[in-house]
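Each chain, written out:
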Amino acid sequence: MSAVEEPTAIEPQGPPAATGQPEPEFEVLAAAGLERAAAPTLGFRLRIAEGSGRRVFMVALSVLIEVEPAKRSYDDAGRERLVELFGEPERWATTTQSFRWAQADLLVPPFTGSTEVELPIACTYDLELAASKYFDALEGEAPLRFHFNGTVFYEAEDGRLQLVQIPWDRSVRFAMPIDAWRGAIDAHYPHRAWVPVDRETLARLVRLRAARARPTFDATITELLDREEER
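Here's what I pulled together on the structure shown here. (Residues numbered from 1 in each chain as written. Predicted model: local features only at pLDDT ≥ 70, side-chain atom pairs only at ≥ 80, totals over all residues. Heavy atoms only, no water.)

## Examining the overall build of the chain
Stated formally: Here a strand is any run of E in DSSP of at least two residues, a helix any run of H or I of at least four, and the numbering for each starts at the N terminus. Throughout, radius of gyration means the C-alpha value; the globule benchmark is 2.2 Å times the number of residues raised to the power 0.38. Only protein chains enter the calculation, and the probe is 1.4 Å; a residue is then buried if its accessible area is under 20% of its type maximum, exposed if over 50%, and partly exposed in between. By the convention used here, residues are in contact when the closest approach between their heavy atoms is within 4.5 Å. The protein chains shown are the only cover counted for residues, whose accessible areas, like all others here, come from Shrake-Rupley with a 1.4 Å probe.
For the chain, the count of helices and strands is seven helices and seven strands. At 27 Å, the chain has a C-alpha radius of gyration far larger than the 17 Å of a compact globule built from 231 residues. In terms of its C-alpha atoms, the chain occupies a principal-axis envelope of roughly 120 × 40 × 30 Å. Residues classed as buried in the chain amount to 34% of the 231 residues present. Here the contacts in the chain between residues at least 6 apart in sequence split such that 73% fall between residues at least 24 apart. In the form shown here, the chain has an accessible surface area of approximately 14900 Å², with 51% of it arising from carbon and sulfur atoms.

## Comments concerning the sheet that holds strand β2 (residues 41-49)
The test is simple: Whether two strands pair comes down to DSSP finding at least two bridges between them. Think of each axis as a best-fit line through the C-alpha atoms, taken over the contacting stretch in the case of a helix, with angles from 0 to 180 degrees between the N-to-C directions.
Overall, antiparallel pairing links the three strands, which are arranged β1-β2-β5 in an open sheet. Pairing within the sheet leaves two strands with one partner each, and these edge strands are β1 (25-33) and β5 (114-122). Going across the sheet, the axis of each strand differs from the next one's by a mean of 25°, ignoring polarity. Relative to β2, β1 runs antiparallel, the two being bridged by eight bridges. For Ala 31, the partnering residue across the bridge sits in β2 and is Phe 44.

## Some thoughts on the side chain of Thr 96
Rule in force here: Distance and chemistry together define a polar contact, namely a pair of N or O atoms within 3.5 Å, with one atom able to donate a hydrogen and the other to accept it when in protein, and with adjacent residues in sequence counting only for side-chain atoms on both sides.
Position of Thr 96 among the secondary structure elements: in the loop between α3 (92-95) and β4 (99-108). Within polar-contact distance, the side chain of Thr 96 engages the backbone oxygen of Trp 92 at 2.5 Å. Excluding its chain neighbours within four sequence positions, the residues that come into contact with Thr 96 are Pro 69, Ala 70 and Phe 86.

## Re the packing of aromatic side chains
The test is simple: The pairing test for Phe, Tyr and Trp rings, Trp by its six-membered ring, is centres within 6.5 Å, and the orientation test on the planes gives stacked under 30 degrees, edge-to-face over 60, and tilted for anything in between.
For the structure shown, the criterion picks out 14 aromatic pairs. Here Phe 44 and Phe 174 contribute two aromatic rings whose centre-to-centre distance is 6.1 Å and whose plane-to-plane angle is 85°, an arrangement assigned as edge-to-face. Residue Phe 44 is found in strand β2, and its partner Phe 174 is found in strand β7 (residues 161-177); the two are separated by 130 residues along the sequence. Exposure remark for Phe 44: the relative accessible area of 0% places this residue in the buried category. A ring pair is formed by Tyr 125 and Trp 181, whose centres lie 5.9 Å apart and whose planes are at 75°; its orientation type is edge-to-face. Here Trp 181 lies in helix α5 (residues 178-188) and Tyr 125 lies in the loop between β5 and α4 (130-137), a separation of 56 residues in the sequence. By relative accessible area, Tyr 125 is classed as buried at 12%. The exposure class of Trp 181 is buried, given its relative accessible area of 1%.

## Describing α4
Within α4, six of the eight residues are buried, which leaves it mostly tucked inside the rest of the structure. Within the span of α4, buried status applies to Ala 131, Ser 132, Lys 133, Tyr 134, Phe 135 and Ala 137.

## Some words on a nonpolar patch on the surface
The condition that has to hold: Surface patches are defined over residues having more than 30% relative accessible area and no salt bridge, joining like charges when they lie within 9 Å and nonpolar side chains (Val, Leu, Ile, Met, Phe, Trp, Tyr) when within 5 Å. The term salt bridge refers to a pairing of a side-chain nitrogen on Lys or Arg with a carboxyl oxygen on Asp or Glu at a separation within 4 Å.
On the surface, Val 195, Val 197, Leu 202, Val 206, Phe 217, Ile 221 and Leu 225 cluster together to form a nonpolar patch covering roughly 590 Å² of accessible area. Among the secondary structure elements, those contributing two or more residues to the nonpolar patch are α6 (199-212) and α7 (217-230). In terms of residue count, the dominant contributor to the nonpolar patch is α7 (three residues). Examined against the element boundaries, Phe 217 turns out to sit in helix α7.

## A short note on the pairing of β5
Here β5 shows a clear split, with Thr 115, Val 117, Leu 119 and Ile 121 buried on one side and none of Ser 114, Glu 116, Glu 118, Pro 120 and Ala 122 buried on the other. Relative to β5, β2 runs antiparallel, the two being bridged by nine bridges. Opposite Arg 45, over in β5, you have Glu 118 as the bridge partner.

## Quick notes on unusual backbone geometry
Phi is positive for Arg 36, which is not a glycine, with a value near 60°. Looking at where Arg 36 falls in the secondary structure, it is placed in the loop between β1 and β2.

## So, α7
Stated formally: Each residue after the first adds 1.5 Å to the expected span of a helix.
In this model α7 runs 20 Å from its N-terminal to its C-terminal C-alpha over 14 residues, within 8% of the 20 Å that 1.5 Å per residue would give. Where α7 begins, the side chain of Thr 216 points an oxygen toward the backbone nitrogen of Ala 219, at a separation of 3.0 Å.

So, in structure tokens, the structure goes:
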């Protein structure tokens, strides 16, 4: 009679062992205006995924954001609004090059595997700046590209603190809803626009406003425009 084989015990398996250095991957999930901010501010929701299995103590992250005008199409009305920025449409093949919008630093708290963080970006409504002028002229979405760089502080196999640099080739594209940018601006400057003027021009406006007893600069400029149109 043959012997009965004893069943083999199966050892429970834990999480896979950490291997290699951390190589984080990035994704921009969403954008929305931040409430209770001192100035117009957009919050970009970032997802950071790291597949080595190592414990990340912190990421000192640097983010450069570029605008990529050539990555979307424009209707006739959009092209008309953007003539001042890019020139006549027949020149757009050379004038709609990518340009820098913002750069920010962020400290990412400890995580293992993946985490989500919010990147705040201050916005301005100065229409002399290319990014503000571009966003103000758009409907729909603005094509952005995020470039990530920085340092990852992580736990080595022996428990010691190690660090590794994030190369600048970590970049992702994101279509920012223009309504998010416009909402952040309108929350602080409802029904307002900002146009810089020379100091002497401002001094002349101050004197004219006082002489005409107008309550605001807007009323003073409106009166001048109405007069010009009546001519």
